[in-house]
Every structure is written in structure tokens, then in C-alpha cells.
Amino acid sequence: EWTAFRAATTAVLEEGRGTAGFEAAVDTVIRTNTRFLDQLQAVVDVASQDLEAGLGLLRLITIGVSALTLVVMAGAWIWIGRQVVRPLEDLARATRRIAAGDLSEHLESGRRADEIGALAGAFGEMTESLRANLRSQGEAVASLGSASAEILAAVNQLTAGATEESAAVAQI
């Protein structure tokens, strides 16, 4: 077809207007151009279909990646809740109970080697220290009570002795 088109184009340029050869060459150029445009349209249609198929695939990939991202984000949210938020909430609850005077709370950090575990361990140590201080204070109060009883008994003996001496002196 290319050869026929070239020959027709050359004939159009060489023939004079109004001649039979000129008219035939123009018809050949028009038919060749029409076939060329039809073929070009077919190529454009195929390219357009390929582009649409590619865009469809791209849409599917985008939807898939978006869905996967949502699943990963939901998983991360759940993991953060279990690994970070819940232990901190448990620690806050335990701390409030300890602050209210309930020293029976035991905070464990043995499972965690991170900052939350270190914080729980520090609170556990603080609770143990508070228990030990309360025991010491209880023992000191008991010791003071015993000493007070002994002092009171001694004062009562002195008072009784002083009363007897006072009575004896009053009789003399």
C-alpha cells in the first residue's frame, strides 16, 4: 500500500489538474489515506483497550493495596492496644489502688524487657518498699506501745511509792 500511495502522490504532483490521471491519482491517495486512517484507528482502538485493561488492573491493585493497608493498620492498632495501651492502663489501675492504701497489689514486669516492663518493675519495687516501711512503722508503734506501758507502770509504782511516803511522813 505504501508503494501505491507513493506512486499516486507522485502522479498528483506530476499530472496537471483536470486530467484523468490526476483524478485517478487523487482517488488513490484518498483511498490509501482512508485505509491508513482506518488502520491507524484500529491501532488506536487496540491501544485504548490495552490502556483500559491496564487502568482496570491499576484500579484493582490500588483497591488491593488500600485494603491491605487497612488490614495492616487495624492489626497495628490491635497490637499497640495489647502491647502498650493495656499494660499502661493496668499499671495506672494498680497505681491508683496502691495510692488508696491497698498494698496487696503485685506488679510484675518479668515478661517485658522494654520501658513498660521497667516502669512496672519500678512500681513493684516501690510497693515492696512501702510494705516494708509499713511493717517497720507497725513494729515501731508496737515497741512504743510496749515502752509506754512500761513507763506507765513505773510511773504508777512511783506514784504509789510517793503516796505511801507522803502518808508515812504525815503520820510522823
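Along each chain, residue indices are assigned from 1 in the same order as the chain's sequence is written. For a predicted model such as this one, the threshold for reporting local features is a pLDDT of at least 70, and the threshold for listing and counting side-chain atom pairs is 80 or more; totals across whole chains, interfaces and linings nevertheless cover every residue. As a rule here, side-chain values cover all heavy atoms of the structure and leave hydrogens and water aside.

Asks: Before we move on, can you summarise the overall build of the chain with the specific residues and values?
Replies: Elements are defined by DSSP. Helices are runs of H or I of four residues or more, strands are runs of E of two residues or more, and each kind is numbered from the N terminus. Of regular secondary structure, the chain possesses three helices and zero strands. When the elements of the chain are put in sequence order from the N terminus, they spell out α-α-α. Taken over the C-alpha trace, the chain has a radius of gyration of 52 Å; the compact-globule value for 172 residues is 16 Å, which it surpasses by more than 25%. Along the three orthogonal principal directions, the C-alpha set of the chain runs to about 180 × 25 × 20 Å. Three labels apply to residues, based on accessible area from a 1.4 Å probe with only protein chains included: buried if under 20% of the type maximum, exposed if over 50%, partly exposed otherwise in between. The proportion of buried residues among the 172 residues of the chain is 12%. A total of about 13400 Å² of accessible surface is found on the chain, and carbon and sulfur atoms cover 64% of it. The charged-residue count follows a simple rule in which Lys and Arg add positive charge and Asp and Glu add negative charge, with His and chain termini not counted at all. To locate a charge, take NZ of a lysine, CZ of an arginine, CG of an aspartate or CD of a glutamate. Here the chain contributes 14 positive and 22 negative side-chain charges, whose respective centroids are spaced 6 Å apart. Radius of gyration here uses only the C-alpha atoms, and the compact-globule reference equals 2.2 Å multiplied by the residue count raised to the power 0.38. In this description, accessible areas are obtained by the Shrake-Rupley approach with a 1.4 Å probe, and a residue is regarded as covered only by the protein chains that are shown.

Asks: So what's going on with the environment of Asp45? Residues and values would help.
Replies: By secondary structure assignment, the location of Asp45 is in helix α2 (residues 20–99). With a relative accessible area of 36%, Asp45 lands in the partly exposed category. Taking the C-alpha atoms as reference points, Asp45 and Ala25, 20 residues apart in sequence, are found 30 Å from one another.

Asks: Before we move on, can you summarise helix α3 (residues 115–171) with the specific residues and values?
Replies: An ideal rise of 1.5 Å per residue puts 84 Å on 57 residues; α3 measures up with 82 Å between its terminal C-alpha atoms. Those residues of α3 lying buried are Ile116, Gly117, Ala120, Gly121, Gly124, Thr127 and Arg131. For a helix, the expected span equals 1.5 Å multiplied by the number of residues minus one.

Asks: I'd like a rundown of the packing of helix α1 (residues 2–14) against α2, residues and numbers included.
Replies: For any two helices packed against each other, the geometry comes down to the angle between their axes and how far apart the axes lie. At a minimum axis distance of 8 Å, the contact between α1 and α2 shows a crossing angle of 140°. Both α1 and α2 take part in a crossing whose hand is left-handed. Contacts from Ala4, Phe5, Ala8, Thr9, Ala11 and Val12 in α1 reach Phe22, Ala25, Val26, Thr28, Val29, Thr32 and Asn33 in α2. Taken together, the residues of the contact of α1 with α2 break down into nine nonpolar, four polar and no charged. Angles run from 0 to 180 degrees between N-to-C directions of axes, and those axes are lines fitted to C-alpha atoms, restricted for helices to the stretch in contact. Should the near helix be turned anticlockwise from the far one by less than a right angle, the crossing is termed left-handed; should it be turned clockwise, right-handed. The contact rule is simple, with two residues in contact once any of their heavy atoms fall within 4.5 Å. Charged means Asp, Glu, Lys or Arg here, nonpolar means Ala, Val, Leu, Ile, Met, Phe, Trp, Tyr, Cys or Pro, and polar covers whatever is left, Gly included.

Asks: Could you give an account of the nonpolar core, naming the residues involved and the relevant values?
Replies: The nonpolar core is taken to be a set of buried Ala, Val, Leu, Ile, Met, Phe, Trp, Tyr and Cys residues, with the residues joined through side-chain atoms within 4.5 Å. Leu91, Ala94, Ile98, Leu103, Leu107 and Ala120 together form the largest nonpolar core, which totals six residues. A total of three residues in this core trace back to one element, the largest contributor, which is α2.

Asks: Describe the environment of Ala11, with residues and values.
Replies: One can find Ala11 in helix α1. Residue class for Ala11 comes out partly exposed when judged on its relative accessible area of 23%. Taking the C-alpha atoms as reference points, Ala11 and Ala147, separated by 136 residues in sequence, lie 137 Å from one another.

Asks: Summarise the pattern of salt bridges; cite the residues concerned and give the values.
Replies: One speaks of a salt bridge when a side-chain nitrogen belonging to Lys or Arg is within 4 Å of a carboxyl oxygen belonging to Asp or Glu. All chains considered together, the criterion is met by two salt bridges. Residue Arg93 is joined to Asp90 by a salt bridge in which the shortest nitrogen-to-oxygen separation is 2.3 Å. Placement of the pair is Arg93 and Asp90 together in helix α2, with a separation of three residues, close to one helical turn. Where Glu128 meets Arg131, a salt bridge forms, and the shortest distance between an N and an O atom there is 2.1 Å. Of the two residues, Glu128 and Arg131 are both situated in helix α3; the distance of three residues between them amounts to about one turn of the helix. The class of Arg131 is buried, set by a relative accessible area of 13%.

Asks: Can you tell me about the environment of Ala100, naming the residues and giving the values?
Replies: The residue Ala100 is located in the loop between α2 and α3 in this model. Residue classification places Ala100 among the exposed positions, given a relative accessible area of 68%. Put simply, Ala100 and Glu89 are 11 residues apart on the chain and 17 Å apart in space, counted from C-alpha to C-alpha.

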